[in-house]
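Here is what each chain is made of, one letter per residue.
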Amino acid sequence: MTDLVRIAPGALTIGRPLPWDVYDADGNVLLCQGYVVQTDSQLEQLFERGLFKPRTIELPEEDNEAPGGEAECNPFTSYPGYLHALEKTLATIANGEPEARKHIQDLAHTLEQACKIAPDSCLALIHLYSVGPTIHEQIIFYAILCQLIARQFGLDEQRIPLLTEAALSANLALVPVADKLNAFNKVLNKEQRGVIRKHPQRSIRALKAVGIENELLFTIIAQHHEQADGSGYPEGLSGADIRPEAEILALAERYVAMITKRAYRKRMNVTAARKLIANLADGSFRPALPKALLHILGEYPPGTLVRLENNEVCVITGRPVRTLGPFAQVVLDSSGNSCDTRQERDTSVPEFNIKALEEPDIMPSMNFSRIWGFPD
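Quick caveat, the model's predicted, so the values are computed rather than measured. (Residues numbered from 1 in each chain as written. Predicted model: local features only at pLDDT ≥ 70, side-chain atom pairs only at ≥ 80, totals over all residues. Heavy atoms only, no water.)

A. Focus on the overall build of the protein. A tally of regular secondary structure across the protein gives 13 helices and nine strands. With 376 residues in all, the protein has 51% of them scored as buried. In the protein, of all internal contacts separated by at least 6 residues, the share reaching a separation of at least 24 is 65%. (Helix = DSSP H or I, 4+ residues; strand = E, 2+ residues; numbered from the N terminus. Buried < 20%, exposed > 50% of the residue type's maximum accessible area, 1.4 Å probe, protein only. Contact = heavy atoms within 4.5 Å.)

Spelled out as structure tokens, the structure:
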């Protein structure tokens, strides 16, 4: 098959689900998206055997139209496309290409449709891939969370697309160095801190260089590290001087940082992250924003693993509906064996009550599309 490329060293990580299907040289699927490499030897075998992955391509034009239902919008299979579209978008900005704004708008629209049609699956993407995401993955997570927080907060629908564009472009000046900074296990030096503090202005300059002129977009980007208590940067703004869109983006970034692993610290579980988010309502943000995020997440967000009273390990697939749920699918049965069939659990039923968050060192492999009920 001509559309397959060799997997680059470093593209796969132990303990993290594959972001795409893995093929052999003849185009046969060897490992599905969601498979988790368990050991160094398995990782080496993947590279030594010359396995390939399909080259990600731009989302087709029809994907930018609102699908007829959730079954037609599968964020899991679209995930490589989101990442590829983002990489291409940021490259057009870096290269000074005038069509950059259209690329940003198209990707923002695509993510908006996914969040409207399959919000639980979009939330699951964030939590399933939060072990050690690249900067491009983090940016996609920011955009998804901005969509969901904004609607829960009650932001005017007409203002949400621009917020999503800001989420996709605010960190473009950090892209060349972000992954290295995340892997740095020492205290950042003055130069590194300076790069971080200047990235909003540098991102705005890059956008202006490709002919983008939208003052609200620039304001959101410029203010997304300001804080309501005046402790942020670069201007030390406070209170109502900070646009709510900027605070929404800042909150999305803050949550993703909490639940993702860095070289200098472990990732938080969702319970600890929720407690910190609740504390942010005390002055760092407009109180309604952290409350909106907590409402979106629920106690157990989609994509998190839990152990039930019957000792099954499940992945949360859907948030509560009235007095039912949250809903989960069995990943490991009560004996610890993998479950290959869909078995839904309503955790409001006593037998299936959640006993604890499950935090394995290595995530179990899962077929995400099957678990969330998307067509094969």
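B. Main features of the sheet that holds strand E5 (residues 305-308). Spatial ordering of the open sheet is given by E8-E7-E6-E5-E9, a layout of five strands whose pairing is antiparallel. Edge positions in the sheet fall to strand E8 (344-346) and strand E9 (354-357), since each has one partner strand and no second. In this sheet, adjacent strand axes meet at a mean angle of 45 degrees when their direction is disregarded. Bridging between strand E7 (residues 327-332) and E8 involves three bridges; their strand directions are antiparallel. Note that in E8 the partner of Phe-327 across the bridge is Asp-346. (Pairing = 2+ DSSP bridges. Axes fitted to C-alpha atoms, helices over the stretch in contact; angles between N-to-C directions.)

C. Structural detail: the nonpolar core. Ranked by internal contacts, the top residues of the largest apolar core, which has 96 residues, are Leu-128 and Leu-168. Counting residues per element, this core draws most heavily on helix H5 (residues 135-153), which supplies twelve residues. Non-local contacts of Leu-168, meaning those with residues more than four positions away in its chain, are made with Leu-86, Leu-90, Ile-104, Leu-107, Ala-108, Leu-111, Ile-139, Ile-140 and Ala-143. The next biggest cluster of nonpolar side chains, apart from the first, holds nine residues, and it includes Ile-7, Leu-12, Val-22 and Leu-46. (Core = buried A, V, L, I, M, F, W, Y, C linked by side-chain atoms within 4.5 Å.)

D. Molecular detail of the packing of helix H2 (residues 75-94) against H5. The geometry of H2 relative to H5 is characterised by a closest axis approach of 10 Å and an angle of 105 degrees between their N-to-C directions. When the axes of H2 and H5 are compared, the pair comes out roughly perpendicular. Taking contact as the criterion, the partners of Tyr-79, Tyr-82, Leu-83, Leu-86, Glu-87 and Leu-90 in H2 are, on H5, His-136, Glu-137, Ile-139, Ile-140 and Phe-141. Here the contact of H2 with H5 is built from residues that sort into eight nonpolar, one polar and two charged. (Parallel < 35°, antiparallel > 145°, perpendicular 65-115°, else oblique. Nonpolar A, V, L, I, M, F, W, Y, C, P; charged D, E, K, R; others polar.)

E. View of the packing of aromatic side chains. Evaluation of the coordinates by the stated rule reveals six aromatic pairs. Arranged with centres 5.9 Å apart and planes meeting at 85 degrees, the rings of Tyr-129 and Phe-368 form a pair that is edge-to-face. Highlighted residues: Tyr-129 in the loop between helix H4 (119-128) and H5 and Phe-368 in helix H13 (residues 368-371), separated in sequence by 239 residues. Site record: aromatic cluster; members linked through ring pairs are Phe-76, Tyr-79, Tyr-129, Phe-368, Trp-372 and Phe-374. (Phe/Tyr/Trp six-rings, centres within 6.5 Å; stacked < 30°, edge-to-face > 60°.)

F. Fine view of the pattern of salt bridges. Scanning the model with the defined rule gives twelve salt bridges in all. For Glu-245, the salt bridge is made with Arg-243, and the minimal N-O distance between the two is 3.1 Å. Assessed through its relative accessible area of 27%, Arg-243 is described here as partly exposed. The salt bridge partner of Glu-247 is Arg-286, with a shortest N-O separation of 3.3 Å. Residue Glu-247 is located in helix H10 (residues 244-259), and its partner Arg-286 is located in the loop between helix H11 (270-279) and helix H12 (288-297); the two are separated by 39 residues in the primary sequence. Connected through shared salt-bridge partners, Glu-112, Lys-116, Arg-151 and Glu-157 make up one network. (Salt bridge = Lys/Arg side-chain N within 4 Å of Asp/Glu carboxyl O.)

G. Seen up close, the pairing of E5. Two elements, E5 and strand E6 (residues 313-318), share three bridges in a ladder whose sense is antiparallel. Paired with Leu-305 across the strands is Val-315, a residue of E6. The turn linking E5 back onto E6 is made up of four residues, and Asn-311 within it adopts a positive phi angle of 80 degrees.

H. Structural context of the side chain of Glu-226. Take Glu-226: it is sitting in the loop between helix H9 (215-223) and H10. Only 3.0 Å separates the side chain of Glu-226 from the backbone nitrogen of Gly-236, close enough to count as a polar contact. What Glu-226 contacts, discounting residues up to four positions off in sequence, is Gly-232, Tyr-233, Pro-234, Glu-235, Gly-236, Leu-237 and Ile-242. (Polar contact = N/O pair within 3.5 Å; in protein donor to acceptor, adjacent residues only side chain to side chain.)

I. Just the environment of Gln-138, in detail. Within the secondary structure, Gln-138 sits in helix H5. Put simply, Gln-138 and Ile-126 are twelve residues apart on the chain and 8.4 Å apart in space, counted from C-alpha to C-alpha. Among the polar contacts made by the side chain of Gln-138, one reaches the main-chain carbonyl oxygen of Pro-133 at a distance of 3.4 Å.

J. Local environment of the environment of Gly-211. Among the secondary structure elements, Gly-211 is positioned in the loop between helix H8 (190-209) and H9. You can call Gly-211 exposed: its relative accessible area is 57%. Between the C-alpha atoms of Gly-211 and Ala-100, which are 111 residues apart in sequence, the distance is 8.8 Å.

K. View of the confidence of the model for the protein. Chain-level statistics for the protein give a pLDDT mean of 87 and a share of 86% at 70 or above. Segment residues 57-71 is flagged for pLDDT under 50; beyond a separation of four residues in sequence, or across chains, it makes 25 contacts in the model. (pLDDT = per-residue confidence, 0-100.)

L. Just the side chain of Glu-312, in detail. For Glu-312, the location among the structural elements is in the loop between E5 and E6. For Glu-312, a relative accessible area of 8% gives the class buried. At a separation of 2.8 Å, a polar atom in the side chain of Glu-312 contacts the side chain of Arg-345. The residues contacting Glu-312, other than those within four sequence positions of it, are Val-306, Arg-307, Val-330, Leu-332, Asp-333, Ser-334, Arg-345 and Phe-352.

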